[in-house]
There are 2 protein chains.
Amino acid sequence: MGKEITIYDIASQLQLSPATVSRALNNHPAINEKTKVLINAKAEELGYRSNKFASNLRKQKTNTIGVIVPRLNSYIMSTVIAGMEKVANDEGFNLIISQSLESQRKEIANTKTMFNSRVDGLLVSVAFDTDSFEHFQPFLKKKIPLIFFDRIFENSDCPNIVIDNAKGGYEATKHLIEQGFKNIIHITGNLKRNVYSDRLKGYQQALSESGILFKSENVWVTALSLEAGKEVAHRIKALPIKPDALFVSSDLCAVSCIATLKDLDITVPNDIAVVGFNNDPVSQVISPKLTTIHYPAKEMGEMAVKSMINHLKGNFNLDATNTITLRSELIVRESSLFLTHS
Amino acid sequence: MGKEITIYDIASQLQLSPATVSRALNNHPAINEKTKVLINAKAEELGYRSNKFASNLRKQKTNTIGVIVPRLNSYIMSTVIAGMEKVANDEGFNLIISQSLESQRKEIANTKTMFNSRVDGLLVSVAFDTDSFEHFQPFLKKKIPLIFFDRIFENSDCPNIVIDNAKGGYEATKHLIEQGFKNIIHITGNLKRNVYSDRLKGYQQALSESGILFKSENVWVTALSLEAGKEVAHRIKALPIKPDALFVSSDLCAVSCIATLKDLDITVPNDIAVVGFNNDPVSQVISPKLTTIHYPAKEMGEMAVKSMINHLKGNFNLDATNTITLRSELIVRESSLFLTHS
């Protein structure tokens, strides 16, 4: 790497004082426009890099926000991150991004890296199997703001950004019941995580309101993956008494299940109705089109970074907030409609 | 933010010398294990952050790699980034990630941020409309390594990581011709970009080898989005003479087109055969399952970061390489098979 260009180099080449150069680069009103243009052009020509880095070291700030998510390549998480990047970029912050790959062990390693990278704040959606809050304590001790989103710690004092998962689960199930379905299997993920346990609560509430007995054997915990969808279909095929509907906590898993059911001569919605979750684009392109709960992923990412930056700038005290809940909504399509068998 | 803990604080609390503390934290062999454990425990208790940040400033290194992609929330890009993060994390590097949103103007702003953030290297996949290389010059001038991946600049001297797009386009088209289809429309993206222009070359070569006349009106340039797929279907519905096959440069666009064709009473593959590109999970869950070209996105991300880190460590000279080409492959499924009309 070449020698770092300083304001002194620019000053000496233009025969100006370093103070003038420094003021011009910081757009100080005392310097006239013509001089600013001249100095900025020379700075660019020489490859000068603003000394934000050194100045951040003095201010103990890095203008970076750390993000830890379970997986970068899921529809919801990549959309959340797209929303985060947009706001961060507009506000002059960088995002440092890492993934736990659904493992607490890797999540712990990620938090250490973020801590040592001196992020100004940290945004986290926790892994499937995270049990302990311990690895987040160093941030709290150092008063580095920490926000959880999507998959949160309910009993921490940290602010959370979520959708109303219980309401989502309730609306999905209620809709199926209103269509006349009674034997509804719920396909979900690790129930340690609020997103899945809350949706289950909503499912139970809808059943209970309609006088349908809740059976724990109707809750199937899976990885909610493409493969899990296939396995669910085969498991249903083998059941002596088949369910009349499925409420699946992920669209990708739901559509994979529908495709496999079709291969096994079980058609949706005629034989079994299906409701998914997320409003992943995949829900619109399969046949039958999938009824689902719209998840405002981009808005969640934007809200998380906006809240963090407002807190860092002192405009908004995060600690006073406990939970921000974003609106989700049921989108009815063909996969859940009761069709009279002709 | 609390006062920053230094090695002097740890040393004074343990009544050890700062030199011993420093050596222990750097895992120096001269310090015995018991002392190391003691010092590391105290460092953690006090919330000590390694001084990599200050030491990086002295070394003019940040241990960060910048990544600019067109969109974070596309299947290919989120998978590439998942691969990048995995390798970077294993090697102790951070990724700073930004998106151009397919605009050269935003891409230019992103490169400035990356430059001022002092990334050690930059990985870029360019926007739809990027014309100029100018905004990358400051990196070359400063000898900051720059690698393009997926969407590259063919005439720059920078290393490129790509798949053989011409081969992909050729195999997709050849397969359709072998199935007996002759009037094949190619749905593609902005032809400024190598990925699309190269696939078009492959399409043309396959036609030419089979003695089928290439017609430019059979190449439809679109945004390759979900919406574009719907528009293509309506445009086909309106054609007096319909094509017998489509080769679409994105699976998501292809499946959206197939779903809309179905709504318009045109069935795939009976009326029109379709081949996509990417092997997006969506290709496996629709009916008929989509024939496509597998794109090794995770491997591309891993390769990009591995090459960058090897170059930064001096293990491998990037400048000697011009292009790394990863293997792609045709995956035949139902959407492209010739069915005799019964």
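Since we're looking at a predicted model, the values are computed, not measured.

1. Notes on the interface of chain A and chain B
Right, so step 1: Between chain A and chain B, the residue contacts involve 59 residues of the former and 59 residues of the latter.
Right, so step 2: Overall, the association of chain A and chain B removes approximately 5,700 Å² of surface from exposure, summing both partners, and the carbon and sulfur fraction of that is 57%.
Right, so step 3: Across the contact surface, chain A and chain B share four salt bridges.
Right, so step 4: Salt-bridge contacts for Lys106(B) lead to Glu85(A); the nearest nitrogen and oxygen are separated by 3.5 Å.
Right, so step 5: Taken together, the links from chain A to chain B amount to 17 residue pairs in polar contact (both at pLDDT 80 or more).
Right, so step 6: Elements with a minimum of two residues in the side of chain A that touches chain B: helix H3 (33-46), helix H4 (52-59), helix H5 (75-90), strand S2 (94-99), helix H6 (104-116), helix H10 (226-238), helix H11 (251-263) and helix H12 (282-285) of chain A.
Right, so step 7: It is H5(A) that provides the largest number of residues to the side of chain A that touches chain B, a total of seven residues.
Right, so step 8: Of the residues in the side of chain A that touches chain B, the class split is 23 nonpolar, 20 polar and 16 charged.

2. As for the environment of Lys34(A)
Right, so step 1: Looking at where Lys34(A) falls in the secondary structure, it is placed in helix H3.
Right, so step 2: A C-alpha to C-alpha distance of 62 Å links Lys34(A) and Lys192(A), two positions 158 residues apart in sequence.

3. A closer look at the sheet that holds strand S6 (residues 184-188) of chain B
Residue and element names in this part refer to chain B.
Right, so step 1: With parallel pairing, four strands are arranged side by side in an open sheet as S7-S6-S8-S9. Looking at the sheet topology across the chains shown, the edges are occupied by strand S7 (219-221) and strand S9 (273-275). Taken pair by pair, the neighbouring strands of this sheet meet at an average axis angle of 20 degrees, ignoring direction.
Right, so step 2: Looking at chain direction, S6 and S7 are connected through three bridges and run parallel. Along S7, the bridge assignment pairs Thr188 with Val221.
Right, so step 3: In this fold helix H8 (residues 165-178) packs onto S6, strand S8 (245-248) and S9, with an angle of close to 170 degrees to the strand it touches most, S8.

4. Some remarks on the pairing of strand S5 (residues 160-163) of chain A
Residues and elements named next belong to chain A.
Right, so step 1: Residues Asn160 and Val162 point to one face of S5 and Ile161 and Ile163 to the other, with burial holding for every one of them.
Right, so step 2: Relative to S5, strand S4 (residues 146-149) runs parallel, the two sharing two bridges. By the bridge assignment, Phe148 is partnered in S5 with Asn160.
Right, so step 3: One ladder, built from four bridges, connects S5 with strand S11 (residues 323-326); its direction is parallel.

Cut-offs applied
- As a convention, each chain's residues are numbered from 1 in the sequence order in which they are written.
- Whichever chain is written first becomes A and whichever ligand is written first becomes 1, with later ones labelled in order.
- Totals for whole chains, interfaces and linings use every residue, but because this is a predicted model, local features are given only for residues with pLDDT of at least 70 and side-chain atom pairs only at 80 or more, for both listing and counting.
- Computation of side-chain values: all heavy atoms of the structure, hydrogens and water removed.
- Should any heavy atoms of two residues lie within 4.5 Å, those residues are counted as being in contact.
- Note on definitions: buried area is the accessible-area loss of two parts on being combined, 1.4 Å probe, summed for both.
- Salt bridge, as applied in this entry: a Lys or Arg side-chain nitrogen positioned within 4 Å of an Asp or Glu carboxyl oxygen.
- Any N or O atom pair separated by 3.5 Å or less is treated as a polar contact, with the protein-specific requirement of one donor-capable and one acceptor-capable atom, and with residues adjacent in sequence counted only for side-chain atom pairs.
- Helix and strand definitions follow DSSP, with helices as H or I runs of at least four residues and strands as E runs of at least two, each counted in order from the N terminus.
- Lys, Arg, Asp and Glu make up the charged group, whereas Ala, Val, Leu, Ile, Met, Phe, Trp, Tyr, Cys and Pro make up the nonpolar group; the residues left over, Gly among them, are polar.
- Should DSSP find at least two bridges between two strands, the strands are regarded as paired.
- Each axis is a line fitted through C-alpha atoms, and for a helix only the stretch in contact is used; angles between axes span 0 to 180 degrees, taken between their N-to-C directions.
- Think of it in three bands: with a 1.4 Å probe and only protein chains considered, a residue is buried below 20% of the maximum accessible area for its type, exposed above 50%, and partly exposed in between.

All we've got here are geometric facts, nothing functional implied.
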